[in-house]
Amino acid sequence: MTVRTPSPSRRRVNAIDESTGAGAEASAPTRRRSTGQSWRTRLEITVLVGPALVMFLSFVIFPVAMAAFYGFFRWKGYGAPTDFVGLQNYITIFQDSAFLEALTHNGIIVVLSLVLQGPAAILLALLLNRRMRGQSVIRVLIFVPYVISEVVVGTGWSLMLQTTGALNGFLENIGLGALAQDWLSDPEIAMWTLMLIITWKYIGFAVIIFLAGLQGIPEELTEAAQIDGASFWQIQRQITLPLLGPTVRIWAFLSIIGSLQLFDLVYIVWGQYVASTAGTSTMATYMVASGRNSGNYGYGNAVAVVMFLISLVIALLYQRYVMRRDTEGAITEGKK
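Residues numbered from 1 in each chain as written. Predicted model: local features only at pLDDT ≥ 70, side-chain atom pairs only at ≥ 80, totals over all residues. Heavy atoms only, no water.

## Overview of the overall build of the protein chain
Along the protein chain, the regular secondary structure elements total 14 helices and zero strands. Ordering the α and β elements of the protein chain from the N terminus gives α-α-α-α-α-α-α-α-α-α-α-α-α-α. In the protein chain, which comprises 336 residues, the proportion classed as buried is 32%. Excluding contacts between residues fewer than 6 apart, the proportion of contacts in the protein chain whose partners are at least 24 apart in sequence is 68%. Accessible area for the protein chain stands at about 21,000 Å²; split by element, carbon and sulfur atoms hold 65% of it. (Helix = DSSP H or I, 4+ residues; strand = E, 2+ residues; numbered from the N terminus. Buried < 20%, exposed > 50% of the residue type's maximum accessible area, 1.4 Å probe, protein only. Contact = heavy atoms within 4.5 Å. Areas by Shrake-Rupley, 256 points an atom, 1.4 Å probe, with all protein chains shown as cover.)

## Some remarks on helix 5 (residues 150-160)
Taken together, the buried positions of helix 5 are Val-153, Gly-154, Trp-157 and Ser-158. On an axial view of helix 5, the arc spanned by its buried residues comes to 120 degrees, and they lie on one face. Residues of helix 5 that are exposed and angled more than 90 degrees away from the buried face: Val-151, Val-152 and Leu-159. (Arc of directions from axis to C-beta.)

## Overview of the side chain of Thr-285
Following the sequence through the fold, Thr-285 ends up in helix 12 (residues 283-292). Of the residues examined, Thr-285 reaches a relative accessible area of 4% and is grouped as buried. In this structure, Thr-285 is in contact with Phe-263, Val-266 and Tyr-267, ignoring residues within four places of it in sequence.

## Structural notes on the nonpolar core
Ranked by size, the top nonpolar core spans 40 residues in total, and within it Ile-93, Phe-99, Val-207, Phe-210 and Leu-214 carry the most contacts. At the level of secondary structure, the elements contributing two or more residues to this core comprise helix 2 (88-95), helix 3 (97-128), helix 7 (187-215), helix 10 (245-260), helix 12 and helix 13 (297-321). Counting residues per element, this core draws most heavily on helix 13, which supplies nine residues. The contacts of Val-207, once residues within four sequence positions are left out, are Ala-121, Leu-124, Ala-125, Leu-128 and Ile-142. Trp-157, Met-191, Trp-270 and Ala-275 belong to the second-largest nonpolar core, a separate cluster that totals 23 residues. (Core = buried A, V, L, I, M, F, W, Y, C linked by side-chain atoms within 4.5 Å.)

## Digging into the confidence of the model for the protein chain
Of all residues in the protein chain, 86% have pLDDT values of 70 or greater, and the mean over the chain is 84. The secondary structure element of the protein chain with the lowest average pLDDT is helix 1 (residues 8-70), at 72, and the one with the highest is helix 10, at 94. Confidence drops under a pLDDT of 50 for residues 331-336, and excluding neighbours within four residues, the segment shows one contact in the predicted structure. (pLDDT = per-residue confidence, 0-100.)

## Observations concerning helix 2
Where helix 2 is concerned, the buried positions are Asn-89, Tyr-90 and Ile-93. Down the axis of helix 2, the sector holding all buried residues measures 100 degrees, keeping them to one side.

## Thoughts on the pattern of salt bridges
Scanning the model with the defined rule gives two salt bridges in all. Of the charged contacts, one joins Asp-83 and Arg-74 as a salt bridge, the two residues approaching to 2.9 Å between their closest N and O atoms. Residue classification places Arg-74 among the partly exposed positions, given a relative accessible area of 44%. The partner of Glu-150 in a salt bridge is Lys-201, and the shortest N-O contact between them spans 3.6 Å. With Glu-150 in helix 5 and Lys-201 in helix 7, this pair connects stretches of sequence that are 51 residues apart. (Salt bridge = Lys/Arg side-chain N within 4 Å of Asp/Glu carboxyl O.)

## Overview of the packing of aromatic side chains
Overall, the coordinates contain 18 aromatic pairs when judged by the stated rule. Taken together, a centroid distance of 4.2 Å and an interplanar angle of 10 degrees make the contact between Tyr-70 and Trp-75 stacked. Residue Tyr-70 shares its accessibility class with Trp-75, and that shared class is buried. Ring plane angle 20 degrees and centroid distance 4.9 Å describe the contact between Tyr-146 and Phe-205, whose orientation is recorded as stacked. Here the residue Tyr-146 occupies a position in helix 4 (residues 135-147), and Phe-205 occupies one in helix 7, the gap between them amounting to 59 residues. (Phe/Tyr/Trp six-rings, centres within 6.5 Å; stacked < 30°, edge-to-face > 60°.)

## Comments concerning the packing of helix 3 against helix 7
Running from N to C, helix 3 and helix 7 point in directions that differ by 45 degrees, and their axes come no closer than 7 Å. Looking at the two axes, helix 3 sits oblique to helix 7. Two packed elements cross with a definite hand, and for helix 3 against helix 7 that hand is right-handed. (Axes fitted to C-alpha atoms, helices over the stretch in contact; angles between N-to-C directions. Parallel < 35°, antiparallel > 145°, perpendicular 65-115°, else oblique. Left-handed = near helix turned anticlockwise from the far one by under 90°.)

## What about the environment of Leu-114?
Within the secondary structure layout, Leu-114 lies in helix 3. Residues Leu-114 and Phe-253 lie 139 residues apart in sequence; the distance between their C-alpha atoms is 9.7 Å. The residues contacting Leu-114, other than those within four sequence positions of it, are Pro-119, Trp-251, Ala-252, Ser-255 and Ile-256.

## Digging into the side chain of Thr-199
Residue placement: Thr-199 occurs in helix 7. Within polar-contact distance, the side chain of Thr-199 engages the backbone oxygen of Met-195 at 2.7 Å. Setting aside residues up to four positions removed in sequence, Thr-199 forms contacts with Leu-116 and Gln-117. (Polar contact = N/O pair within 3.5 Å; in protein donor to acceptor, adjacent residues only side chain to side chain.)

Here it is, written out as structure tokens:
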């Protein structure tokens, strides 16, 4: 009786079959385990994101959609809107010279906020980033105006800058009465008065952001530059400012959006009527004056939608062309 020994090729095929079967048996629990983990991950994401998503839809998307809906009506603010006017409210907005003037003022505020607050805040941040006596106290004093209520700030500045206010009285007492001005009503001065108040109010926020950005710059770079003989300002120009670029771009984005939506300080200091004649009206004050105060809530909602769209377009363009260098490497999934 002869015993046949399997050939090497047959043994190899049997081994492959056995290994394939074992691999299939081992992959089944792995697949079930990965499926369970994926469902668990989805559940965790739903639980964590769900409340924020509900809040966003309820207090952002839904109000915008309702404002867009009411913008198609001539509506008094109560009852169901029935007087449908289509796009007439939106057409009237861009035909109204008062809105175009307010839009121009917002553009001026955007530019001046960046030009005035940015360099001053960077210089203060660079100085406060160095070790000195009273550093913490100075930081607090600079940041205090930002946390004060806009109502308090606006009321205080309006009382101080009136023609019979503290500023003109101080100038007269020191013999400089010729410098006294109508700081709030003169169209040639009012915009600069507004920028003074805005800069005083919000420069502390910019300084804190820049100080946080400076903390992320490695000290080894500045120490190496000092060893090579670089001066303080050379280090700031060649090392600090380039590395501070992402922080500056984020602050500029926040400043632009805030300037486009500026309302409270202008409304408190100048009121609903003086702002237009003094040359400090904004889209937000125009919205209130032409919408709520005129009893035409449909038109006011249309102005709000236009403001939202202008801010949205500027935000998207800014993120696309200015902040692209900061965000294009942040998401790496799917690029490996």
